[in-house]
Amino acid sequence: MRYDTIILGAGAAGMMCAAHSGGRTLVLDHAKAPGEKIRISGGGRCNFTNLYAAPENFLSQNPHFCKSALKRYTQWDFIDLVARHGIAYHEKTLGQLFCDHSARDIIALLRAEMTRAGAELRLETAILHVSHNGHAFSVETESHGKRRTVTAQNLVLATGGKSIPKMGATGLSYDIARQFGLAILPTRAGLVPFTFPEGRFKPLAGTALPVRASTGDTHFDEALLFTHRGLSGPAMLQISSYWEESQPISVNLLPDSNPFDTLKAKRKTDGRRQIGTVLGQLLPSRLADFLTADWALSGNLADQSDKALQDLAARLTAWQMTPAGTEGYRTAEVTLGGIDTDGLSSKTMEAKTVPGLYAIGEAVDVTGWLGGYNFQWAWSSGWAAGTAIAAGL
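About the cut-offs
Residues numbered from 1 in each chain as written. Predicted model: local features only at pLDDT ≥ 70, side-chain atom pairs only at ≥ 80, totals over all residues. Heavy atoms only, no water. Phe/Tyr/Trp six-rings, centres within 6.5 Å; stacked < 30°, edge-to-face > 60°. Helix = DSSP H or I, 4+ residues; strand = E, 2+ residues; numbered from the N terminus. Buried < 20%, exposed > 50% of the residue type's maximum accessible area, 1.4 Å probe, protein only. Pairing = 2+ DSSP bridges. Axes fitted to C-alpha atoms, helices over the stretch in contact; angles between N-to-C directions. Left-handed = near helix turned anticlockwise from the far one by under 90°. Contact = heavy atoms within 4.5 Å. Nonpolar A, V, L, I, M, F, W, Y, C, P; charged D, E, K, R; others polar. Polar contact = N/O pair within 3.5 Å; in protein donor to acceptor, adjacent residues only side chain to side chain. Salt bridge = Lys/Arg side-chain N within 4 Å of Asp/Glu carboxyl O.

Participant: In this structure, what is going on with the packing of aromatic side chains? I would like to understand it.
Facilitator: How two aromatic rings sit relative to each other is given by the distance of their centres and the angle of their planes. In the structure shown here, the tally under the stated rule is 18 aromatic pairs. Aromatic pair Phe 48 and Tyr 89: ring centres 5.7 Å apart, planes at 85°, arrangement edge-to-face. With a gap of 41 residues between them, Phe 48 in strand 3 (residues 47–50) and Tyr 89 in strand 5 (residues 89–91) connect regions that are remote in the sequence. Judged by its relative accessible area of 0%, Phe 48 is buried. Overall, Tyr 89 belongs to the partly exposed group, its relative accessible area being 33%. Ring geometry for Phe 78 against Trp 379: centres 4.2 Å apart, planes inclined by 5°, an arrangement best described as stacked. With Phe 78 in helix 4 (residues 75–84) and Trp 379 in helix 12 (residues 373–392), this residue pair connects regions lying 301 residues apart in the sequence.

Participant: I'm lost on unusual backbone geometry in this one. Help?
Facilitator: With the exception of glycine, the majority of residues adopt a negative phi angle, and the majority of peptide bonds are in the trans configuration. Here the phi dihedral of Ala 296 falls at roughly 55°; this positive angle occurs in a residue that is not glycine. Counting through the fold element by element, Ala 296 comes out in the loop between helix 10 (285–294) and helix 11 (306–317). Ala 296 gets classed as exposed once you look at its relative accessible area, which sits at 61%. In this structure, Met 349 is a non-glycine residue whose phi angle is positive, near 70°. Considering the arrangement of structural elements, one finds Met 349 in the loop between strand 19 (334–339) and strand 20 (357–359). Owing to a relative accessible area of 0%, Met 349 belongs among the buried residues under this scheme.

Participant: Just to check I follow, could you spell out the sheet that holds strand 3 for this structure?
Facilitator: Hydrogen bonds along the backbone pair up the strands of a sheet, which may run parallel or antiparallel. Read from one edge of the open sheet, three strands run 3-6-5, paired in antiparallel fashion. The sheet is open, and its two edges are formed by strand 3 and strand 5, each paired on a single side. When strand polarity is set aside, the average angle formed by the axes of neighbouring strands in this sheet is 30°. Where strand 5 meets strand 6 (residues 96–99), three bridges bridge the pair, whose relative direction is antiparallel. What sits directly across from Glu 91, in strand 6, is Leu 97.

Participant: Hey, could you run me through the packing of helix 9 (residues 275–282) against helix 10 in this one?
Facilitator: Helix packing for two helices is described by the angle between their axes and how far apart those axes are. It is the contact of helix 9 with helix 10, at a shortest axis distance of 8 Å, that shows an interaxial angle of 145°. Where helix 9 crosses over helix 10, the handedness of that crossing is right-handed. Contacts between helix 9 and helix 10 involve Gly 276, Leu 279 and Gly 280 from the former and Ala 288, Leu 291 and Thr 292 from the latter. Its residues placed into classes, the contact of helix 9 with helix 10 shows three nonpolar, three polar and no charged.

Participant: Sorry if this is basic, but what is going on with the environment of Arg 229 here?
Facilitator: Mapped onto the elements, Arg 229 comes out in the loop between strand 14 (218–226) and strand 15 (230–232). Each C-alpha atom, one on Arg 229 and one on Arg 122, is 39 Å from the other, the two residues being 107 residues apart in sequence. A distance of 3.4 Å separates a polar atom in the side chain of Arg 229 from a polar atom in the side chain of Glu 327.

Participant: Explain the environment of Ala 385 to me, please; I cannot follow it from the model alone.
Facilitator: On the secondary structure map, Ala 385 appears in helix 12. On the basis of relative accessibility, which here comes to 0%, the residue Ala 385 falls in the buried class. Considering only alpha carbons, one finds Ala 385 and Gly 356, 29 residues apart in sequence, at a separation of 10 Å.

Participant: I tried to follow the side chain of Ser 241 on my own but got confused; where do I start?
Facilitator: Residue position: Ser 241 is located in the loop between helix 7 (234–240) and strand 16 (249–252). Classification of Ser 241 by relative accessible area gives buried; the value is 3%. Here Leu 191 takes part through its backbone nitrogen, which lies 3.2 Å from a polar atom of the side chain of Ser 241. Apart from residues lying up to four places away in sequence, Ser 241 is in contact with Leu 59, Arg 188, Gly 190, Leu 191 and Leu 336.

Participant: Which parts of the structure should I look at to understand the pattern of salt bridges?
Facilitator: For side chains bearing opposite charge, pairing can occur when the charged atoms are close. Enumeration according to the criterion identifies 16 salt bridges in this entry. For the salt bridge of Asp 311 with Lys 307, the shortest nitrogen-to-oxygen distance reads 2.9 Å. Here the residue Asp 311 and the residue Lys 307 both occupy positions in helix 11, the gap between them amounting to four residues, near one helical turn. Between Glu 327 and Arg 330 there is a salt bridge, and its shortest N-O distance comes to 3.2 Å. Taken together, the salt bridges that share partners define one network made up of Arg 229, Glu 327 and Arg 330.

Participant: Sorry, what's going on with the pairing of strand 9 (residues 137–143) here?
Facilitator: Sheet faces and side chains relate simply in a regular strand, where the side chains alternate between the two faces. Judged by how many residues are buried, strand 9 sits mostly within the fold: five of seven residues are covered. One ladder, built from six bridges, connects strand 8 (residues 126–132) with strand 9; its direction is antiparallel. Each bridged residue has a counterpart across the sheet, and for Ile 127 the counterpart in strand 9 is Thr 141. Connecting the antiparallel pair strand 8 and strand 9 is a turn made up of four residues, with Gly 134 showing a positive phi of about 100°. Pairing analysis gives seven bridges linking strand 9 to strand 10 (residues 146–157), with the strands arranged antiparallel. In the sheet register, Val 139 faces strand 10, and the bridge partner there is Val 150.

Read these as spatial facts, not as claims about activity.
Here you go:
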């Protein structure tokens, strides 16, 4: 069974590539349905892109690699496609675009585009072996107990990374890329909650507030959520992609105010109040109680010197802590690292040393911020590979 192109993975990048690759295209996936990560994304509404998507919103060993694809297929191109399919959407915060109705609308869009392009989709199919005889790629598969081999001039690696293994995520793309001599950079979980030992924040589970979270030279102004296991919320997920093991993180609990000036003013008006009570006027009550005990704060506000208030303000604006680790691939939204971009063309996503072999989406060492950026990379890289393949047929 010979095709022009075989795409491994019916996720966002793989389906986007299939919609543009032309010729006889076959998409293979082990799942029972295409686009499963799309289906669960954004709370079931799919944060399908971001109005502000740009190269600076992506992490990679080569930060320039993503520029070509993102420039040639932009967020505006995908927004136009969404509009053409009549999908209603809305902006939440920070340029994040979500479907009004359901993430399934995006899956239906991609399936419709694949059908229009004549691409074939084969689900519940395991990839047993991939080879190349100098002329074509051969992919040995198994489905419902039956084995078969399909061949094609082009092979696209679009099976994603290792994040959320319960949905079937594996390192298949890395294994195949390595088989053909491509370098694989170390991988780790990204956009993932932090864990702390001994249930440190268990009493605060469910408490959330806007913060400025920092690690190294990187910071994000978004929400923090305390959990039974540690710290989550957009701010923590964002900096997790920049965090290195044993590195401290810093949290400004009052990013939009000057706590020293506030406390000094309250010393005149609320001087008889306990310092913990006053802290409860600035922060969620459970967090104020927790910090009062953890930092051993005592006495009335009137009893606090300027130096004491300055020290407290410094702690509120730069609360230092070192996570034990992260929740890992189990809950990570993305995988950092992967197929080294040095071995790929930034224009076509084709391997430089293996003609006809392409790698796209999360399998590649390009990782976006939280907020629709990773979907945009899927659309852009899938389009880049697909149009390059079509041009060569």
